[in-house]
Amino acid sequence: MKPSVVWAIVVCFWGIYCAPATAMRDYIDVVGSSTVYAFSTVVAERFGKSSQFHTPKIESTGSGGGLKLFCQGVGMKFPDIANSSRRIKASEIELCKQNGVNEVIEILIGFDGIVLAQSQSGIDIELTRRELYLALAKRVPNPDGSKTTIDNPYHTWQDITPSLPNIKINVFGPPPTSGTRDAFSELVLDHGCHTFEWLANMSISSNKSSGDHKKTRALKNKQKRLCRMLREDGAYIDAGENDNLVVQKLNANPDALGLLGFSFLDQNRDRIKSANIDGFNPSFRSISSGDYPISRPLYIYVKKAHIGMIPGIEAFIREFVSDKASGESGYLSRKGMIPLPKSQREAVEQRINSLRPDVH
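Residue numbers run consecutively from 1 along every chain, following the written order of its sequence. A pLDDT threshold of at least 70 governs which residues receive local features in this predicted model, and a stricter bar of 80 or more applies before side-chain atom pairs are shown or counted, although totals over entire chains, interfaces and linings include all residues. Processing note: side-chain calculations cover all non-hydrogen atoms of the structure and skip hydrogens and water entirely.

Per an unreviewed UniProt entry, the protein carries the name Protein SphX and comes from Paraglaciecola mesophila.

If you want it as structure tokens, here you go:
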């Protein structure tokens, strides 16, 4: 048998090379959040130009879609990094473990706000999270005051509050796989739902004192579904993961609103503006101070097993959290990302230095 054939058998046996040359990947593969995508692509381009490594491949799949791909396994055919505009869920950690992804490094990169954007030519609107819940939830409290819910009866904003514009409720937003949608559900729909005391107290089981935790958990799940389920009658429109498409749709329909990350508002102020939420307008200052009520942390998740396997991963994440990228005057802040306080960013840098997995 020829030596070359013997070598091919040996490396195939060890799982190093059993496919065409493309299986040996020499670039970083990143998937996930459409919000973090906007920042990752900037870092990737600069990294590719300024380092000895190839420019990373970045895909916008949504936070949930990206983490699902990320957690499929370890090896060349699986992503190295997942971008996320929310923290990884327990169910996703379990999926990772089932597929041998046992050590994941969590890196907080900054903050972002969720905005209700509209065309510059649209009527100025100020909304509360209670009004947004009543506008977008599938089932809402019965206006007759009884402690029951009904299919959402509201067709215009004025139907909810007489002082709001008499225009049709029409909101473009992301799909269920999106971290933006997850964060909106938690920060807006849950909050608005809980302004109704009887809904807020739904999860308090009458048998809690007797230790009926199963019933309490079932009631909490029922409450969560009731508060977060979006209406499906056309008032909320799934516009996919492409936020630029939402901007286009808003300009085509000045009466519509769209759920977007603050960075997209910041980059498109010549075309869109934002509604005030609970009395606050989204801005760099209002988000960083915590005044703006719909703000969220942004993360990247790194597969520890791939560090050293795929060239450049450690250098790439160091670039991401460097002062020139993520600092107060960094190039990512100019793209709309709200930077971490200096002490918090230093703690993140220490975590990267140790490469200590946070999720395992």
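J.: Hey, could you run me through the overall build of the protein in this one?
T.: Within the protein, the secondary structure is distributed over 15 helices and 13 strands. Looking at the protein residue by residue over its 360 residues, the buried ones come to 50%. In this analysis, two residues are considered to be in contact whenever any of their non-hydrogen atoms come within 4.5 Å of each other. Residue pairs in contact within the protein that sit at least 24 positions apart in sequence constitute 72% of those at least 6 positions apart. Computed by Shrake-Rupley with a 1.4 Å probe, the accessible areas treat only the displayed protein chains as cover when residues are assessed. Of the accessible surface of the protein, which amounts to about 17,100 Å², a share of 52% is contributed by carbon and sulfur atoms. Per the convention used, a helix needs a DSSP run of H or I reaching at least four residues, while a strand needs a run of E reaching at least two, with both numbered from the N terminus. Only protein chains enter the area calculation, which uses a 1.4 Å probe; residues under 20% of their type maximum are buried, those over 50% are exposed, and those in between are partly exposed.

J.: Before we go on, may I ask you to explain the state of the cysteines in this structure?
T.: Formally, a disulfide is one covalent bond, and it connects the sulfur atom of one cysteine to the sulfur atom of another. Cysteine sulfur pairs qualify as disulfides if the two atoms are within 2.5 Å. Taken as a whole, this structure holds two disulfides when the rule is applied. The disulfide bridge from C193 ends at C227, spanning 2.0 Å between sulfur atoms. Its S-S torsion of approximately -55° makes the covalent link between C193 and C227 left-handed. Of this pair, C193 sits in helix α7 (residues 179–193) while C227 sits in helix α9 (residues 213–228); the two residues are 34 residues apart in sequence, bridging distant segments of the chain. Comparing C193 with C227, the two get one shared label, buried. Bonded cysteines in the protein are paired 1-2, 3-4 when counted in the order they occur along the chain.

J.: Sorry if this is basic, but what is going on with unusual backbone geometry here?
T.: Generally, phi is negative for residues other than glycine and the peptide bonds are trans, each holding for most cases. Although it is not a glycine, D278 sits at a positive phi angle of roughly 50°. Residue D278 is classed as partly exposed on the basis of its relative accessible area of 29%.

J.: What am I meant to see in the layout of surface pockets here?
T.: A probe as big as a water molecule, rolled over the atoms, marks out the empty space that is left. In this analysis, the protein atoms alone were mapped onto a 1 Å grid. Cavities are point sets where a 1.4 Å probe fits without being able to get out; pockets are open sets with protein on both sides within 12 Å along at least five of seven lines; lining residues have an atom within 4 Å of a point. Grid points are joined across faces, edges and corners, and a volume is the space filled by probe spheres set on the points. Here the largest pocket is characterised by a volume of approximately 580 Å³. Elements that contribute at least two residues to the lining of the largest pocket include exactly α4 (90–98), α7, α9 and β13 (295–303). Taken domain by domain, the lining of the largest pocket gets at least three of its residues from each of domain 1 (29–111 + 297–354) and domain 2 (113–289). Domain segmentation is taken from an automatic or database assignment of domains.

J.: Help me out: how do you make sense of the packing of aromatic side chains in this one?
T.: The relation between two aromatic rings is expressed through the spacing of the ring centres and the mutual angle of the planes. Two rings belonging to Phe, Tyr or Trp (six-membered ring only in the last case) form a pair when the distance between their centres is within 6.5 Å. Interplanar angles under 30 degrees mark stacking, angles over 60 mark edge-to-face geometry, and anything in between is tilted. Taken as a whole and assessed by the stated rule, the structure comprises five aromatic pairs. Each ring, one from Y133 and one from F196, has its centre 6.2 Å from the other, and the planes form 55°; the classification is tilted. In this pair, Y133 sits in helix α5 (residues 129–136) while F196 sits in the loop between α7 and α8 (197–200), placing the two residues 63 residues apart along the sequence. Judged on exposure class, the residue Y133 and its partner F196 are both buried. An aromatic cluster is defined as three or more aromatic residues linked by ring pairs; in this entry it consists of F47, F53, F316 and F320. Distance and angle both matter: a charge sits over a ring if NZ of Lys or CZ of Arg is within 6 Å of the ring centre and within 35 degrees of the ring normal. Sitting over the ring of F70, K303 keeps its end group 4.6 Å from the ring centre.

J.: How do you make sense of the nonpolar core when you look at a structure like this?
T.: Buried residues of nine kinds, namely Ala, Val, Leu, Ile, Met, Phe, Trp, Tyr and Cys, make up a nonpolar core once their side-chain atoms join them within 4.5 Å. Grouped together as the largest cluster of nonpolar side chains are 52 residues, with contacts concentrated most on L116, W157 and L260. In this view, L116 contacts L132, V171, F184, L257, G258, L259, K273, S274, A275 and I277; residues no more than four positions away in its chain are not counted.

J.: Would you take a moment to explain the side chain of R25 for this structure?
T.: Checked against the element boundaries, R25 lands in the loop between α1 (3–13) and β1 (29–32). A relative accessible area of 7% means that R25 is categorised as buried. Polar contacts, as used here, are pairs of N or O atoms within 3.5 Å; protein pairs need one atom able to donate a hydrogen and one able to accept it. Residues neighboring in sequence count only if both atoms are side-chain atoms. Within the local environment of R25, its side chain forms a polar contact with the backbone oxygen of M76, the two atoms lying 2.9 Å apart. Within the structure, R25 has its side chain in polar contact with the backbone oxygen of F78 (distance 3.0 Å). Ignoring any residue separated from it by four or fewer positions in sequence, one finds R25 in contact with G75, M76, F78, D80, H306, I310 and P311.

J.: Looking at this structure, I do not really get the packing of helix α2 (residues 34–50) against helix α13 (residues 313–321). What am I missing?
T.: Describing two packed helices takes the angle between their axes plus the distance from one axis to the other. At their nearest, the axes of α2 and α13 sit 10 Å apart, and the two run at 120° to each other. Relative to α13, the element α2 is oriented oblique. Crossing hand, α2 versus α13: right-handed. Residue-level inspection shows F39, S40, V43, A44 and F47 of α2 in contact with α13, the latter providing A315, F316, E319 and F320. Every angle, taken between N-to-C directions, lies between 0 and 180 degrees, and every axis is a line fitted to C-alpha atoms, over only the stretch in contact when it is a helix. Note on terminology: angles under 35 degrees are roughly parallel, angles over 145 are roughly antiparallel, angles of 65 to 115 are roughly perpendicular, and the others are oblique. Two helices cross in a left-handed way if the nearer one is turned anticlockwise from the farther one by less than a right angle. They cross in a right-handed way if the turn is clockwise.

J.: I keep staring at empty space enclosed by the protein and nothing clicks. Help me out?
T.: Summed over the entire model, instances satisfying the criterion amount to two cavities of 30 Å³ or more. Estimated volume of the largest cavity: approximately 50 Å³. In terms of lining residues, the largest cavity is bounded by Q118, G122, I123, I125, W157, P165, I167, P254, D255 and L257.

J.: Honestly, the pairing of strand β10 (residues 257–261) in this entry has me stumped. Any pointers?
T.: The side chains of a regular strand alternate between the sheet's two faces. Within β10, five of the five residues are buried, which leaves the element mostly enclosed by the surrounding structure. Burial along β10 is two-sided: the face carrying L257, L259 and G261 and the face carrying G258 and L260 are both buried. Sheet topology places strand β4 (residues 104–119) next to β10; four bridges connect them, and they run antiparallel. Directly across from I114, in β10, lies its bridge partner G261. Strands are labelled as partners when DSSP assigns at least two bridges between them.

J.: Teacher, can you tell me more about the packing of α5 against α7 here?
T.: Where α5 meets α7, the closest approach of the two axes is 7 Å, and the angle between their N-to-C directions is 95°. By the criterion of interaxial angle, the relationship of α5 to α7 is roughly perpendicular. Residues R129, R130, L132, Y133 and L136 of α5 form the contact with α7, whose participating residues are F184, L187, V188, L189, H191, G192 and C193. Of the residues assigned to the contact of α5 with α7, the class counts are eight nonpolar, two polar and two charged. Think of it as three bins: nonpolar holds Ala, Val, Leu, Ile, Met, Phe, Trp, Tyr, Cys and Pro, charged holds Asp, Glu, Lys and Arg, and polar takes everything else, Gly as well.

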